[in-house]
Amino acid sequence: MATDTMTTRPLGTSGPRVSALGLGLMGMSDLYGPADEAESIATIHAALDAGVTLLDTGDFYGMGHNELLLRDALRGRNRDNAVISVKFGALRDAAGGWNGVDTRPIAIKNFLAYTLKRLGTDHVDVYRPARLDPNVPIEETVGALADLVKAGYVRHIGLSEVGASTLRRAAAVHPISDLQIEYSLISRGIEHDILPTARELGIGITAYGVLSRGLLSGHWSRERATVAGDFRGHLPRFAGDNLDRNLALVEALREVGQDKGASVAQIAVAWALSQGDDIVPLVGARTRARLEESLGALPVVLTETDLARIASAVPAGAVAGDRYDPHSMSALDSER
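Let me sum up the structure you'll find in this document. As the structure is a prediction and not an experimental result, all values here were calculated from the model.

**So, the environment of Ile41**
Here comes step 1: Among the structural elements, Ile41 can be located in helix 1 (residues 37–49).
Here comes step 2: Taking C-alpha positions, Ile41 is 7.6 Å from Asp72, a pair spaced 31 residues apart along the chain.
Here comes step 3: Once residues lying within four places of it in the same chain are set aside, the contact partners of Ile41 are Leu69, Asp72 and Ala73.

Below you can see the structure in the form of structure tokens.
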């Protein structure tokens, strides 16, 4: 797909315009098992060449590895062609465990200093706490980020996985460009309160998990085993009877796709795109082939009849199992 054919969308009323699809880089460094570094860089290059501008990372993805990977991928490229979104605040240990969140102002300055050095850049386009810190009022966190905007180190302030009341409190301190939050055909919890609030406040949505960590990719099967380091092996939706029920939803979706000449993944991404121009789906492609498949969702036009068929195939609330194992992810779970 050529650069000049990529459509763009605004990240809220205060944020930048970005490609209609963003690339999430987490899986290139963490949580999904081993990844090929050369293929990861080639995938980032392919995304940039296709006109993808929004590149999403986190300073805790691979404990800095993901940012270093992005730096290597951007070497020799025009920095201005990338909108780099960075999550911060999640605390890790040497074994890869999770130790909560720290969004104190002094910690934010520290996190950003390391991020700028690892990325080899003088600014982050969108900087966001990964989760709400229960020990720091959101007003204090956003106020510290606003100081970094004034200093030129951060262009826009985003949030991640917070509820409607936090959105309101944060937006009262400084404009918020976008909320990064899980949203897909089978994870629709934001529709009741969070999405309407974001729209009222002019806050965009960067939707991660549009393929539900591969469950909606059309490439998962009952026989597929997770490898060491792949946290999906601990997720309820990928286990036992839950997986069987969820894969039945995928097969129902596959029938819709076949009639549209599209894959399951393309239908799932196209559905997310169809939910509003203020929603920018992030796809976590780790290879050029998976990226190309996701980009193939852009020309897919879903009619009202198509959307009705999708709603029948995958009704809201039909998914079996919670998003996370609460014992392993509770420290980083959202406000929702």
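Still more ground to cover, so stick around.
**So, unusual backbone geometry**
Outside of glycine, negative phi angles account for most residues, and trans bonds account for most peptide bonds.
Here comes step 1: Phi at Met63 takes a positive value of approximately 50°, unusual for a residue other than glycine.
Here comes step 2: Assignment of secondary structure puts Met63 in the loop between strand 4 (54–58) and helix 2 (65–74).
Here comes step 3: One non-glycine residue, Glu161, lies in the positive phi region at around 50°.
Here comes step 4: Mapping Glu161 onto the fold places it in the loop between strand 9 (154–160) and helix 5 (164–171).

**Overview of the nonpolar core**
Here comes step 1: Counting 85 residues, the largest nonpolar core has Leu23, Ile44, Leu55, Tyr127 and Leu179 as its most contacted members.
Here comes step 2: The biggest single contributor to this core is helix 8 (residues 264–274), with 9 residues.
Here comes step 3: In this structure Ile44 touches Leu23, Leu25, Met28, Leu55, Leu70 and Ala73, once residues within four positions along its chain are discounted.

**Structural notes on the side chain of Ser19**
Here comes step 1: Secondary-structure assignment places Ser19 in strand 2 (residues 17–19).
Here comes step 2: Here Ser19 falls in the buried class, since its relative accessible area comes to 0%.
Here comes step 3: At 2.9 Å, the side chain of Ser19 forms a polar contact with the backbone nitrogen of Thr53.
Here comes step 4: A distance of 3.5 Å separates a polar atom in the side chain of Ser19 from the backbone nitrogen of Leu54.
Here comes step 5: Not counting residues within four places of it along the chain, the set of residues in contact with Ser19 comprises Met6, Thr7, Thr8, Gly51, Val52, Thr53, Leu54 and Val280.

**So, the packing of aromatic side chains**
Here comes step 1: Applying the stated criterion across every chain, the model contains 5 aromatic pairs.
Here comes step 2: Aromatic pair Tyr183 and Trp271: ring centres 5.4 Å apart, planes at 50°, arrangement tilted. Highlighted residues: Tyr183 in the loop between strand 10 (178–182) and helix 6 (194–201) and Trp271 in helix 8, separated in sequence by 88 residues.
Here comes step 3: Aromatic rings pair up to connect Phe60, Tyr61 and Trp98 into one cluster.

Cut-offs and rules
Residues numbered from 1 in each chain as written. Predicted model: local features only at pLDDT ≥ 70, side-chain atom pairs only at ≥ 80, totals over all residues. Heavy atoms only, no water. Helix = DSSP H or I, 4+ residues; strand = E, 2+ residues; numbered from the N terminus. Contact = heavy atoms within 4.5 Å. Core = buried A, V, L, I, M, F, W, Y, C linked by side-chain atoms within 4.5 Å. Buried < 20%, exposed > 50% of the residue type's maximum accessible area, 1.4 Å probe, protein only. Polar contact = N/O pair within 3.5 Å; in protein donor to acceptor, adjacent residues only side chain to side chain. Phe/Tyr/Trp six-rings, centres within 6.5 Å; stacked < 30°, edge-to-face > 60°.

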